[in-house]
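Listed below, chain by chain, are the residues.
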Amino acid sequence: MRDIPTCKWLDQWTELAQKFAFQYNPSLQPRALVVFGCISKRVSHGQIKQIIRILSKGLESCLKGPDNYNSQVLIEATVIALTKLQPLLNKDSPMHKALFWVAMAVLQLDEVNLYSAGTALLEQNLHTLDSLRVFNDKSPEEVFMEIRRPLEWHCKQMDHFVGLNFNSNFNFALVGHLLKGYRHPSPTTVARTVRILHTLLALVNKHRNCDKFEVNTQSVAYLAALLTVSEEVRSRCSLKHRKSLLLTDVAMENVPMDTYPIHHSDTSYRTLKENQPWSSPKGSDRHLAASYPTVGQISPRTRKSMSLDMGQPSQANTKKLLGTRKSFDHLISDTKAPKRQDMESGITTPPKMRRVAENDYEMETQRISPQQHPHLRKVSVSESNVLLDEEVLTDPKIQALLLTVLATLVKYTTDEFDQRILYEYLAEASVVFPKVFPVVHNLLDSKINTLLSLCQDPNLLNPIHGIVQSVVYHEESPPQYQTSYLQSFGFNGLWRFAGPFSKVRDKFRNDADK
């Protein structure tokens, strides 16, 4: 195009796409919206408003009319168009911040295809606002709640419908919307959800000029949501009262975690290898059943969590899933999202020593001398950065929400490695927050009873026994907070909304009935 200054075909194509995009036509309008979003080189504030009006009409027809599928396709097309066009908006446009709430509304629709498009819009929105330096002086909560005030009456109804109250706690309400992404059938959407959580974790601490993994009342929601998918979060947010089976003091650099050289001249290295609990499955089981060592078992799941941290799902699975659905999801490109160093996963180099307070520095644990074993690298373990810290998390509402997030992840996961991680932290929580722990009894009872009856894995049973013992120990003192406590501040739907998608859940039920 630059070589042919007189060529006007792209402008003509854009003009035609815009004409059909803003003209009602069930067959052509969704396609024209996507094309308009992809090929446009500029966009005005009025055009974005017009697309949002089309989105509103699509929602109305979706609720009233019988042609539900076409309405969903139109909604999905408008969301994709907004995702593609937002970076072209004038930096002073108020629509930048308002599009965050459009993305939230789309996530609340509980539709598989629309949820994928909504997460793409949310990710683009966060990256665009971050590139405009909106979060340098204000937290995401301050930025987005300020733009929400004119829409408060409508947004309160939406909060009440899903049972997640942004006014009560913005960060946990946002995490409640994103936890549903873990249940999405597409690995692309699951990976995008993890990236969004990593981005939000970096943004909430950006204006505070503190470490990304520092536990505070704003970051704890995202740290809890990332526990099962980020090894770096687990290593940086330690347990205070229990020695976790899953947190490693030693990590390998440039060497696969589950492979070692067969021949080595240093006899001390062979002794070291034989003493590690992950050197063989049988040895690991015996070692873990006997005690709670600091060095944990390396599970094949670790490699899976690493790939999710980087947001790179299996290409074969992605193609297989996307090839079977007739949707625009393949047009929601992740490659155009700006790359951020803050979204690095647990396979990156260990975090450096950081200043915690005046004359107070993190201690770096060094179990193995690097002079003796240069191929091993140190991992910085913060003794003061504890996820479940009663001195930092003093508000019982935050304590209850944190426990509910952990219990919700346990309730809906079927992965054994994830269960081990979550039960370790829940066992810690039963000791640290004994008065608030009864809030999640109903979420844990049935699953704990099943595991106590059927599970043979001592690594999983040990933290469960710890939970039972702690509950029995505090049974004599009447609990101050019951299960209904979440409902008192508008979070009665946290565990329910984070579950499987309604249509996917109904499909499984129908298959089971057959």
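Residues numbered from 1 in each chain as written. Predicted model: local features only at pLDDT ≥ 70, side-chain atom pairs only at ≥ 80, totals over all residues. Heavy atoms only, no water.

The chain has the name Neurofibromin in an unreviewed UniProt entry, where Pavo cristatus is given as its organism.

J.: Just to check I follow, could you spell out the overall build of the chain for this structure?
T.: Along the chain, the regular secondary structure elements total 22 helices and four strands. With 514 residues in all, the chain has 52% of them scored as buried. A separation threshold of at least 6 residues defines the contact pool for the chain, and within that pool the share at least 24 residues apart is 73%. (Helix = DSSP H or I, 4+ residues; strand = E, 2+ residues; numbered from the N terminus. Buried < 20%, exposed > 50% of the residue type's maximum accessible area, 1.4 Å probe, protein only. Contact = heavy atoms within 4.5 Å.)

J.: Looking at this model, I keep getting lost on the side chain of S139. Mind explaining?
T.: Looking at where S139 falls in the secondary structure, it is placed in the loop between helix 6 (112-131) and helix 7 (140-148). Here S139 is in contact with H207 and Q218, once residues within four sequence places are set aside.

J.: Before we go on, may I ask you to explain the environment of T217 in this structure?
T.: As for its placement among the helices and strands, T217 is situated in the loop between helix 10 (187-204) and helix 11 (220-225). If near-sequence neighbours (up to four positions away) are discounted, T217 is found in contact with V392, L393 and I398.

J.: What should I look at first to understand the packing of aromatic side chains in this one?
T.: The geometry of an aromatic ring pair is captured by the separation of the ring centres together with the interplanar angle, meaning the angle of the planes. According to the stated counting rule, one finds 14 aromatic pairs in the structure shown. Note on F166 and F170: the rings are 5.5 Å apart at their centroids and 55 degrees apart in plane angle, and the pair reads as tilted. Assigned by exposure class, F166 and F170 land together as buried. When the ring of Y481 is compared with that of Y485, the centres are 4.6 Å apart and the planes differ by 55 degrees; the resulting orientation is tilted. In terms of burial, Y481 and Y485 fall into one category: buried. Chaining the aromatic ring pairs together yields one cluster made of F100, W101, F135, F144, F166 and F170. One cation-aromatic arrangement involves R148 over W101; the distance from NZ or CZ to the ring centre is 5.0 Å. (Phe/Tyr/Trp six-rings, centres within 6.5 Å; stacked < 30°, edge-to-face > 60°. Lys NZ or Arg CZ within 6 Å of the ring centre and 35° of its normal.)

J.: Looking at this model, I keep getting lost on the packing of helix 17 (residues 396-412) against helix 19 (residues 441-454). Mind explaining?
T.: Packed helices, taken two at a time, are described by their axes: the angle between them and the distance between them. Packing of helix 17 against helix 19 leaves a shortest axis separation of 9 Å and a crossing angle of 35 degrees. Of the two possible hands of crossing, helix 17 and helix 19 adopt the one that is left-handed. Mapping the contact onto sequence places T404, A407, T408, V410 and K411 in helix 17 and L443, L444 and K447 in helix 19. Its residues assigned to classes, the contact of helix 17 with helix 19 shows four nonpolar, two polar and two charged. (Axes fitted to C-alpha atoms, helices over the stretch in contact; angles between N-to-C directions. Left-handed = near helix turned anticlockwise from the far one by under 90°. Nonpolar A, V, L, I, M, F, W, Y, C, P; charged D, E, K, R; others polar.)

J.: How should helix 10 be read in this particular structure?
T.: Spacing of three or four residues puts side chains on the same side of an α-helix, whose turn is 3.6 residues. A rise of 1.5 Å per residue sets the reference length of helix 10, with its 18 residues, at 26 Å; its end C-alpha atoms lie 26 Å apart and thus fit the reference within 8%. Within helix 10, 18 of the 18 residues are buried, which leaves the element mostly enclosed by the surrounding structure. (Expected span 1.5 Å × (residues − 1).)

J.: Where do I start with the packing of helix 4 (residues 68-85) against helix 6 in this structure?
T.: Between helix 4 and helix 6, the least distance of the axes is 9 Å, while the angle of their chain directions is 15 degrees. Regarding the angle of helix 4 to helix 6, the classification is roughly parallel. As for how helix 4 packs across helix 6, the hand of that crossing is left-handed. On helix 6, the residues that touch Q72, I75, E76, V79, L82 and T83 of helix 4 are N113, L114, A117, G118, A120, L121 and Q124. Residue composition of the contact of helix 4 with helix 6, grouped by class: seven nonpolar, five polar and one charged. (Parallel < 35°, antiparallel > 145°, perpendicular 65-115°, else oblique.)

J.: Quick question: what am I supposed to make of the pattern of salt bridges here?
T.: Where side chains of opposite charge bring their charged atoms close, a pairing between them can arise. A full pass over the atoms with the stated rule returns eleven salt bridges. Of the charged contacts in the structure, one is a salt bridge between E214 and R208, with a shortest N-O distance of 4.0 Å. Here R420 and E416 are joined by a salt bridge, their closest N and O atoms 3.1 Å apart. A residue pair is termed a helical-turn pair when its members lie 3 or 4 positions apart in one helix, as R420 and E416 do in helix 18 (residues 416-432) at four residues. According to the relative accessible area criterion, E416 is partly exposed, its value standing at 41%. Taken together, the shared-partner salt bridges in this structure form one network comprising E123, R192 and R195. (Salt bridge = Lys/Arg side-chain N within 4 Å of Asp/Glu carboxyl O.)

J.: I would appreciate a short explanation of the environment of A221 in the present structure.
T.: Here A221 lies in helix 11. Residues within four places of A221 in sequence aside, it is in contact with N171, F172 and V175.

J.: Explanation requested: a nonpolar patch on the surface in the structure shown.
T.: Taken together, the side chains of L16, F20 and L28 define a hydrophobic patch exposed on the protein surface, amounting to about 260 Å² of accessible area. Inspection of the secondary structure assignment puts L16 in helix 1 (residues 9-21). (Patch = residues over 30% accessible without salt bridge, like charges linked within 9 Å, V, L, I, M, F, W, Y side chains within 5 Å. Areas by Shrake-Rupley, 256 points an atom, 1.4 Å probe, with all protein chains shown as cover.)

J.: Would you mind showing me how to read the side chain of D457 here?
T.: Its location among the elements puts D457 in the loop between helix 19 and helix 20 (458-473). For D457, a relative accessible area of 11% puts it in the buried group. Setting aside chain neighbours within four positions, we find D457 in contact with E416 and R420.

J.: Could you clarify how one ought to interpret helix 2 (residues 29-39) in this entry?
T.: Within helix 2, eight of the eleven residues are buried, which leaves the element mostly enclosed by the surrounding structure. Burial in helix 2 covers these residues: Q29, P30, A32, L33, V34, F36, G37 and I39. Those residues of helix 2 that are buried are in contact with helix 1, helix 3 (45-64) and helix 4.

J.: Mind showing me how you'd approach the environment of L443 here?
T.: Along the chain, L443 turns up in helix 19. Separated by 32 residues in the primary sequence, L443 and K411 place their C-alpha atoms 6.6 Å from one another. Not counting residues up to four positions away in its chain, the partners in contact with L443 are T404, A407, T408, K411 and W495.

J.: So what exactly am I meant to see when it comes to unusual backbone geometry here?
T.: Both trends apply: most residues other than glycine have a negative phi, and most peptide bonds are in trans. The phi angle at D110 is positive, at roughly 60 degrees, despite the residue not being glycine. Note that D110 resides in the loop between helix 5 (95-107) and helix 6. Residue class for D110 comes out buried when judged on its relative accessible area of 18%. Here R133, not a glycine, exhibits a phi torsion of approximately 65 degrees, which is positive. Mapped onto the fold, R133 is located in the loop between helix 6 and helix 7.

J.: Explanation requested: the confidence of the model for the chain in the structure shown.
T.: Low-confidence regions, as indicated by low pLDDT, have predicted coordinates that should not be scrutinised in detail. Across the chain, the average pLDDT comes to 75, with 68% of residues at 70 or higher. Confidence drops under pLDDT 50 across residues 333-381; counting only partners more than four residues distant or on other chains, this segment forms 95 contacts. (pLDDT = per-residue confidence, 0-100.)

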